[in-house]
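Structural characterization, general
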Amino acid sequence: MSKSFITGFPRIGEQRELKFALESFWAGKSDFSEVERVAKELKARHWKYQKDAHIDFISANDFSYYDLMLDNIITFGAIPPRFDGLSGTELYFSMARGNKTSVAMEMTKWFNTNYHYIVPELSKETKFSLNPTKILNEYKEAKAEGITPKINLIGPITFLALSKTTDGSCALCHLDALVEQYAKLLVEISKLDNEVVVQIDEPIFVTDKAEKLKDKIAPVYDKLCAEDNVKIIFMTYFEHANEAVKEIVKTKVWGVGLDFVHTSCQKDSLEILKNSDKILFAGLIDGRNVWVSDLDAKLELINKIKEYIPSERLNIGTSCSLLHVPYTLKYEEKLSIKEWLSFALEKLTEVNLLKKLANGEHFCEVGEGLLAKNRAAIASRKTSELVNDKAVQERVKNLSKFERDTPYEERIKVQKAKFNLPELPTTTIGSFPQTPELRQVRNAYKKSLISQEAYEKDIKKYIDECIAFQEECGLDVLVHGEPERNDMVEYFGEQLKGYAFSTNGWVQSYGSRCVKPPLLFGDVSRPKAMTVDWISYAQSKTSKIMKGMLTGPVTILNWSFVRDDKPRSEIAKELALCIYDEIDDLQNAGIKIIQVDEAAFKEGYPLRRENVSAYEKFAVDCFKLSVCSAGAQTQIHTHMCYSEFNDIIKTIEAMDADVISIETARSGNELLKIFKSVGYKQEVGPGVYDIHSPRVPSVEEIATQIHALLEVLPKSQLWINPDCGLKTRKWEEVKPSLKNMTAAVKIVRLS
Ligand code: GLN
Ligand code: ZN
């Protein structure tokens, strides 16, 4: 008989309780004991939810005050020396968020999700030690709640592979020393109970690094399997882990976890596991997306898996931690597509139903009801008019134009002649400071507390001020400042048919920060122009060129929860056509330059090299389609928040934008040399200063930076701009910075 498991549960709280408790503590408004109280309550509640759903393997140590990688750093004493002398919560939150004297530790994306973890910082000097208290206590807490949990740990190989070193030494050279501490931890864990299950997450083995790291598996896991009463699950998610599975079966681990959502056909791994004694933890319910699972289809998949693995060796659960989905639908009163959705809590029920189906168990009346509801949801989604829009489907099917009519070399000549911009034209990336007053105006309008007239008056006033300042600065290509937008994806999603928005669908992004991704559930179309009124208004207020500002289709896709009943490449085309129409409307309204932001273009890269070229083709095609309504005389810009272009420069070139602005300031100019060595056709605006810091750069500094850029790119190809939008900065920082930027350009133009 199969058992059920949850890889991990979200922790921020269904009403973001942990967020508010933390932020109140950080603001000095409450004691840490209040955060502890909230945390205890949340853990107990989350365990109870899982217990009530009859989940067999529930986790301890999936909770964290900030981040599990950070917790692991503390557990193994890998504290960077700049935090010496600190302890307890002061140490913990200083590492996470910095303090007066020390900068915070770096944060980066957890594989290809939008969750960010704290990057361990190691050096030759790093000495590991063991502080198991948090882990042991969480186990005991669960026991006190009547639950015997599995214990979740981040695996030692993944931990080191995701670490950076500050002295150029090799992080993985610490493996033996670290594994020694893990072994000690497992001794402590073995004392907790007659038998303890430990889930060790090693997702690094779903990436291309697997090939290089696989030889470490057998020696490490042989050492970690030393305690007879500790059963270890080697857990992976997000992709296949074929290389690792081959190695792990040689060890004494008890179970192996695989993702059957991302890679439904795990044939290679199943072949290997078939002849082993390992228990398969099959991740069948999607831990990264929000749609109701087709349980009958899942059952078919289970039956295929059973051709390799008998049910006694097959457990059924989520494809990864539920951290990546919102909590529950219970607060979503207004959501029209609610019946098709399944958040973390609802997924618990799905796991339980699927287990019962797989075991051929008898369903009680309630169970029958739930199963019928599931089938009805799947059926109605297939045929609903909300989802299926014939006109959209026809338009995509009959597409015949996929790229611009005129090649870049000709376009740029037409544009240069028409725009008459000076050498080294200056511009900004789009947004200007989002002031508290501005947020208040938008909120009040959203809640119908102020009239549309009053709202428009305030927004126009902001635009007027933005333009006046940019003219005063002497910038060449102006922007309207994006005052009407709360978020670069949500703003467009809200205006597109096929999109829905939850009221409480928060997902942790990092620390106390949460995001609420829009839900793309149906065929997407644009009922009417989305930005033309605002941009036209702005253009009417200046004789300079006003740049239109749109978010690109790849970014909209990568930052939404996207329907799983249609290929992403198709959905991307629908989104691209919405942008295509918007560009056409903008140029017809007299807008000469339009920027299509693709901040999340690089974020969407797959974890396995074998999938990269398919992604690149899809993303490039999608971008090209979205801008191909632009005539030769309309200049298309794009913006990306990256600097590392070395491996993708030709892909970026293939996007065929006339101008690209990128982030550079933080990473030095080394990376830019690629533009010279490999060669790059179109115009480029490498950010000349870092907008992520409140510091105002001096004229000299910026002038020096421009000279450095001129070493790698000719004057005729170079634009001058900051390295990202200015929405997070204050006016007091933005004003002098941009004035210095234009002053610096003047000096360079004369030299
Ligand atoms: N146009 C957007 C802005 O200026 C771009 C934001 C981004 O790249 N993240 O805010
Ligand atoms: Zn940016």
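Residues numbered from 1 in each chain as written. Chains lettered and ligands numbered in written order. Predicted model: local features only at pLDDT ≥ 70, side-chain atom pairs only at ≥ 80, totals over all residues. Heavy atoms only, no water.

This is how the line gets drawn: UniProt positions are given in the numbering used here, feature names are shortened, and annotations may be inferred rather than shown by experiment.
Naming follows an unreviewed UniProt entry, where the protein chain appears as 5-methyltetrahydropteroyltriglutamate--homocysteine methyltransferase of Campylobacter hyointestinalis subsp. hyointestinalis. The Catalytic activity (unreviewed entry) comment attached to the protein chain in UniProt states, word for word, "5-methyltetrahydropteroyltri-L-glutamate + L-homocysteine = tetrahydropteroyltri-L-glutamate + L-methionine".

**Observations concerning the UniProt feature "domain: Cobalamin-independent methionine synthase MetE N-terminal" (unreviewed entry) in the protein chain**
Keep this limit in mind: A helix here means a DSSP run of H or I that spans at least four residues, while a strand means a run of E at least two residues long, and both kinds are numbered starting from the N terminus.
If you check UniProt for "domain: Cobalamin-independent methionine synthase MetE N-terminal" (unreviewed entry), the listed places come out as residues 5-308 in our numbering. Within residues 5-308, the helical portion is 40% and the strand portion 14%, while the C-alpha atoms at the span's ends are 20 Å from each other.

**Observations regarding the coordination of the zinc ion (ligand 2)**
Using the following cut-off: Any nitrogen, oxygen or sulfur atom within 2.8 Å of a metal ion counts as a donor, with the limit raised to 3.2 Å for Na, K and Ca, and since water is left out, coordination shells can look unfinished. Think of it this way: with four donors and all angles in the 85 to 135 degree range, the site is tetrahedral; with four or six donors, opposite ones beyond 155 degrees and the rest between 65 and 115, it is square planar or octahedral; otherwise it is irregular.
Protein-derived ligands of the zinc ion (ligand 2) are His639 (NE2), Cys641 (SG) and Cys724 (SG), with the metal-ligand distances lying across 2.0 to 2.2 Å. For the zinc ion (ligand 2), the 4 donor atoms are set out with angles of 80 to 123° between them, so the coordination reads as irregular. Sequence spacing of the donor residues for the zinc ion (ligand 2), all on one chain, is H-x1-C-x82-C.

**Focus on the pattern of salt bridges**
For clarity, the cut-off: Here, a salt bridge means any side-chain nitrogen of Lys or Arg that lies within 4 Å of a carboxyl oxygen of Asp or Glu. Throughout this description, buried means an accessible area under 20% of the type-specific maximum (1.4 Å probe, protein chains only), exposed means over 50%, and partly exposed covers the range between.
Inspection of the entire model under this criterion finds 52 salt bridges. With a closest N to O distance of 2.8 Å, Lys566 and Asp523 form a salt bridge. Taken together, the positions of Lys566 in the loop between β19 (561-562) and α22 (568-588) and Asp523 in strand β17 (residues 519-525) put the pair 43 residues apart, joining distant regions of the chain. Pair check on accessibility: Lys566 and Asp523 agree, each one buried. Between Glu582 and Arg526 there is a salt bridge; the shortest N-O distance is 2.6 Å. Placement of the pair is Glu582 in helix α22 and Arg526 in the loop between β17 and α20 (532-540), with a sequence separation of 56 residues.

**Details of the side chain of Lys347**
Put simply, the test is: Positive charges are assigned to Lys and Arg, negative charges to Asp and Glu, while His and the chain termini are left out of the count. Contacts are residue-level and defined by heavy atoms, with any inter-residue pair within 4.5 Å sufficient.
Mapped onto the elements of the fold, Lys347 is located in helix α13 (residues 344-359). One buried charged residue, Lys347, remains without a salt bridge, the closest side chain of opposite sign being Glu350 at 4.8 Å. Setting aside chain neighbours within four positions, we find Lys347 in contact with Ile285, Asp286, Asn289, Val290, Trp291, Leu322, Val325 and Ser342.

**Some remarks on the packing of aromatic side chains**
The criterion, for reference: Only centres within 6.5 Å qualify two rings of Phe, Tyr or Trp (six-membered ring in Trp) as a pair; their planes then separate them into stacked at under 30 degrees, edge-to-face at over 60, and tilted for everything else. In this scheme, Lys NZ or Arg CZ marks a charge over a ring once it lies within 6 Å of the ring centre and within 35 degrees of the ring normal.
Going through the model one piece at a time under the given rule, you end up with 32 aromatic pairs. Their ring planes at 75° and their centres at 5.6 Å tell us that Trp26 and Phe93 sit as a pair that is edge-to-face. Here Trp26, found in helix α1 (residues 17-26), pairs with Phe93, found in helix α4 (residues 88-97); they are 67 residues apart in sequence, far enough to count as distant. Seen in terms of ring centroids, Tyr237 and Phe238 are 4.8 Å apart; in terms of plane orientation they differ by 70°. Their pairing is edge-to-face. Members of the aromatic cluster, each reached through a chain of ring pairs, are Phe25, Trp26, Phe32, Phe63, Tyr65, Tyr66, Tyr92 and Phe93. In this structure, Lys43 packs its charged tip against the face of Phe63, placed 5.0 Å from the ring centre. The ring centre of Phe363 lies 5.7 Å from the NZ or CZ of Lys356, which sits over that ring.

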